[in-house]
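So you can see what is in the structure, the chains are spelled out below.
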Amino acid sequence: MPNSQLIRPLVHALHAYVPGEQPRIKGLIKLNTNENPYPPSPKVLAAVAAAVDGRLRLYPNPTALKLREKLAKLHGCSPENILVGNGSDEVLALAVRGFVEPAQNPAFKFKRTKPSKAVVQYFTPSYSLYPVLAEIQGATKNAVALNPDFSLPGVAELRRGRTWDFNAALTLLTTPNAPGGRGYATADLEKLCQAQRGVVVLDEAYVDFAADHALKLALTLPHVLVARTFSKAYSLCFQRVGYVVGHVELIAALHKIRDSYNVNGLGQIAAEATLDDLKYYRANFKKIIATRDWLTRELAALEFRVLPSQANFILARPPGLPAQDWLQELRDRKILVRWFSAPEVKDYLRITIGTPAEAAVLVAAVRDIRR
Ligand SMILES: Cc1ncc(COP(=O)(O)O)c(C=O)c1O
């Protein structure tokens with residue numbers, strides 16, 4: 001039997017998620033995956049280095065208890081309201097596995113299970129992992145367009161549009177939006193959450209760069225979860241630590257289906273030490289926001305259409321050449337940004353906010369390309 005027949009048809013047909021490139025080119029300015037340009041706090045590096053010893057032979061704490069205790073204190077909730085994951089990507093995958101039925105579930109044939117139970121719903125554009133997670137689960141995808149300026153449609157508008165499913169088993173909502181960067185008011189998110197009858201995950205991967213956050217919705221509405229990550233704001237992509245906050249019943253369900261030791265030990269130690277030095281990181285948020293605002297002004301002056309951003313990246317439509325050509329022109333000058341082929345964003349570049357020096361090199365390269 002050919003090997004291809006040993007693979008599930010669903011996996012065969014799957015369009016896998018494509019992560020941003022991690023090239024090793026000397027002198028490259030890497031502005032393509034929304035990594036933080038500043039290193040972790042010296043205290044975090046020291047804590048990780050001090051933990052590299054004979055302990056590596058032991059399993060880590062299976063529930064990341066100490067980290068959950070620190071997070072609970074920070075957010076004013078209990079450790080039972082929190083699950084830590086191998087990055088927030090794992091948290092999102094667990095939510096799909098835990099709350100969404102596969103569409104092929106035999107129960108549907110007998111109409112015992114409503115079709116909405118198999119629906120993963122999200123806006124477009126948003127995080128391109130969501131459709132992949134839905135496909136892996138064999139779920140039904142319901143992708144609904146944001147307004148043309150990537151603002152959030154109101155509940156009445158969604159009702160009129162008829163394609164939004166207020167009973168969807170799971171709604172994934174990126175806030176601030178990625179790749180658009182737009183922030184959403186908590187009051188608007190609350191109205192939408194209140195109208196949903198399934199689980200809503202507010203994916204706040206970039207929230208530390210925003211004016212507002214919606215954590216209170218996870219602590220007041222029993223069907224709402226907020227996902228966060230240490231990757232972006234806390235310079236810890238390498239260690240893969242994310243978490244989700246919400247009602248104990250939903251969180252306990254996700255604990256049941258995660259891997260026994262889903263968060264590696266050094267990652268737990270790094271994240272704990274991060275929470276002990278938040279002052280360091282808050283200073284970095286300020287620097288990144290200032291660079292974002294500077295770069296937005298500079299690129300706008302060079303005739304880029306830059307969308308307002310509450311994240312550590314901007315989405316900008318370059319003038320003249322197609323965006324994909326700009327991607328190559330910048331790459332030729334050793335600057336790596338991200339381009340997505342999806343129709344609603346194909347005319348844009350997504351540019352991660354680096355250091356002020358990196359932003360200045362980018363602006364100089366843009367001037368050179370325009371010449
Ligand atoms: C919107 C959004 N959510 C979640 C993630 C996942 O982050 P991590 O798995 O590193 O925590 C990303 C990463 O790019 C993202 O853009």
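Once that is clear, we can look at the side chain of Ser-126. Residue placement: Ser-126 occurs in the loop between strand S3 (119-124) and helix H5 (129-137). For Ser-126, the side chain forms a polar contact with the main-chain oxygen of Phe-123, separated by 2.6 Å. When near neighbours in sequence (up to four residues on either side) are disregarded, Ser-126 contacts Thr-174, Asn-177, Ala-178 and Pro-179.

For the rest of this paragraph, the subject is the side chain of Thr-291. Secondary-structure assignment places Thr-291 in helix H11 (residues 278-301). Setting aside its immediate chain neighbours within four residues, Thr-291 contacts Ile-353, Gly-354, Thr-355, Pro-356 and Ala-359.

Our focus in this paragraph is the packing of aromatic side chains. The description of an aromatic ring pair uses the distance of the two centres, along with the angle that the planes make with each other. Counted under the stated rule, the structure contains 14 aromatic pairs. Between Tyr-206 and Phe-313, the aromatic rings sit 4.9 Å apart at their centres with planes inclined by 85 degrees, giving edge-to-face as the arrangement. Pair noted here: Tyr-206 is in the loop between strand S6 (199-203) and helix H8 (215-220) and Phe-313 is in strand S10 (residues 313-317), with a separation of 107 residues, a long-range link. Each member of the pair, Tyr-206 together with Phe-313, is buried. Centre to centre, the rings of Tyr-280 and Tyr-281 are 4.9 Å apart; their planes meet at 80 degrees, and the pair counts as edge-to-face. The structure contains a cluster of three or more aromatic residues connected by ring pairs, namely Phe-209, Phe-230, Tyr-234, Tyr-243, Tyr-280, Tyr-281 and Phe-285. Between the NZ or CZ atom of Lys-287 and the centre of the ring of Tyr-38, over which it lies, the distance is 4.3 Å. In this arrangement the basic side chain of Arg-350 is found over the ring face of Phe-313, its NZ or CZ atom lying 5.6 Å from the centre.

Bringing the sheet that holds S10 into the picture now. The strand order across the open sheet built from three strands is S9-S10-S12, with neighbouring strands paired in antiparallel fashion. Since the sheet does not close on itself, it has two edges, and those belong to strand S9 (305-306) and strand S12 (349-352), each with one partner. Sheet topology note: the S10/S12 ladder contains four bridges and is antiparallel. Directly across from Ile-314, in S12, lies its bridge partner Ile-351. In the packing of H11 onto the sheet, contacts are made with S9, S10 and S12, and the angle to S10 comes to roughly 10 degrees.

Scoring rules and cut-offs
- Residues numbered from 1 in each chain as written.
- Predicted model: local features only at pLDDT ≥ 70, side-chain atom pairs only at ≥ 80, totals over all residues.
- Heavy atoms only, no water.
- Helix = DSSP H or I, 4+ residues; strand = E, 2+ residues; numbered from the N terminus.
- Polar contact = N/O pair within 3.5 Å; in protein donor to acceptor, adjacent residues only side chain to side chain.
- Contact = heavy atoms within 4.5 Å.
- Phe/Tyr/Trp six-rings, centres within 6.5 Å; stacked < 30°, edge-to-face > 60°.
- Buried < 20%, exposed > 50% of the residue type's maximum accessible area, 1.4 Å probe, protein only.
- Lys NZ or Arg CZ within 6 Å of the ring centre and 35° of its normal.
- Pairing = 2+ DSSP bridges.
- Axes fitted to C-alpha atoms, helices over the stretch in contact; angles between N-to-C directions.

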